[in-house]
Amino acid sequence: MIKFFLMVNKQGQTRLSRYYEHVEINKRTMLEAEVIKTCLSRSKDQCSFIEYKDFKLVYRQYAALFIVVGINETENEMAVYELIHNFVEVLDKYFSRV
């Protein structure tokens, strides 16, 4: 199950966030800061799947945009990785330059 979906730029600013479980606002900002810091600090050669607290992070970088999805441990990481790519393709067709 997907817990949250984030779109973040290279400066660490959240451009889009969607939570599928209730998380208090102050906890959201702390969670986003930690997740963004974790994903931005990794090199391109490292795996895009990260074990983080009680869930997994799946992220993908497109130019200056990072898309991060938080999932539970039973979710398929490769399926979510492909979901991110399909999401970006749809955005690219709709907005012509994502």
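Check the entry above for the structure.
None of the values given here were measured: they were computed from a predicted structure. (Residues numbered from 1 in each chain as written. Predicted model: local features only at pLDDT ≥ 70, side-chain atom pairs only at ≥ 80, totals over all residues. Heavy atoms only, no water.)

Account for helix H2 (residues 77-95), with residues named and values stated.
Here H2 spans 27 Å end to end across 19 residues, near enough to the 27 Å set by a 1.5 Å rise per residue. All buried positions along H2 are accounted for by Val 80, Ile 84, Val 88 and Leu 91. Buried residues in H2, looked at end-on, bunch into an arc of 85°, giving them a common side. Across from the buried face of H2, at angles greater than 90 degrees, the exposed residues are Met 78, Val 90 and Lys 93. Buried positions along H2 lie against strand S1 (2-9), strand S4 (55-62) and strand S5 (65-71). Two to three positions downstream of the cap, the backbone nitrogen of Met 78 sits 3.0 Å from a side-chain oxygen, assigning the N-cap of H2 to Asn 76. (Helix = DSSP H or I, 4+ residues; strand = E, 2+ residues; numbered from the N terminus. Expected span 1.5 Å × (residues − 1). Buried < 20%, exposed > 50% of the residue type's maximum accessible area, 1.4 Å probe, protein only. Arc of directions from axis to C-beta. Contact = heavy atoms within 4.5 Å. Polar contact = N/O pair within 3.5 Å; in protein donor to acceptor, adjacent residues only side chain to side chain.)

Just give me the short version of the pattern of salt bridges, but keep the residues and values in it.
Inspection of the entire model under this criterion finds two salt bridges. Between Glu 34 and Lys 53 there is a salt bridge whose closest N-O contact spans 3.2 Å. Within this pair, whereas Glu 34 is found in helix H1 (residues 25-40), its partner Lys 53 is found in the loop between strand S3 (49-52) and S4, the two being separated by 19 residues in sequence. (Salt bridge = Lys/Arg side-chain N within 4 Å of Asp/Glu carboxyl O.)

Kindly report on the packing of aromatic side chains, identifying the contributing residues and their values.
Applying the stated criterion across every chain, the model contains seven aromatic pairs. When the centroid spacing of 5.0 Å and the interplanar angle of 80° are considered together, the rings of Phe 5 and Phe 87 count as edge-to-face. Taken together, the positions of Phe 5 in strand S1 and Phe 87 in helix H2 put the pair 82 residues apart, joining distant regions of the chain. Owing to a relative accessible area of 9%, Phe 5 belongs among the buried residues under this scheme. Between the aromatic rings of Tyr 59 and Phe 66, the centroid separation amounts to 6.3 Å while the plane-to-plane angle is 35°, which identifies the pairing as tilted. The two residues Tyr 59 and Phe 66 agree in class, both being buried. (Phe/Tyr/Trp six-rings, centres within 6.5 Å; stacked < 30°, edge-to-face > 60°.)

Requested: an account of the state of the cysteines, with residues and values cited.
By definition, a disulfide links the sulfur atoms of two cysteines through a covalent bond. With the rule as written, the count across this model stands at zero disulfides. With no disulfide of its own, Cys 39 lies closest to Cys 47 among cysteine sulfurs, the gap being 11 Å. (Disulfide = S-S within 2.5 Å.)

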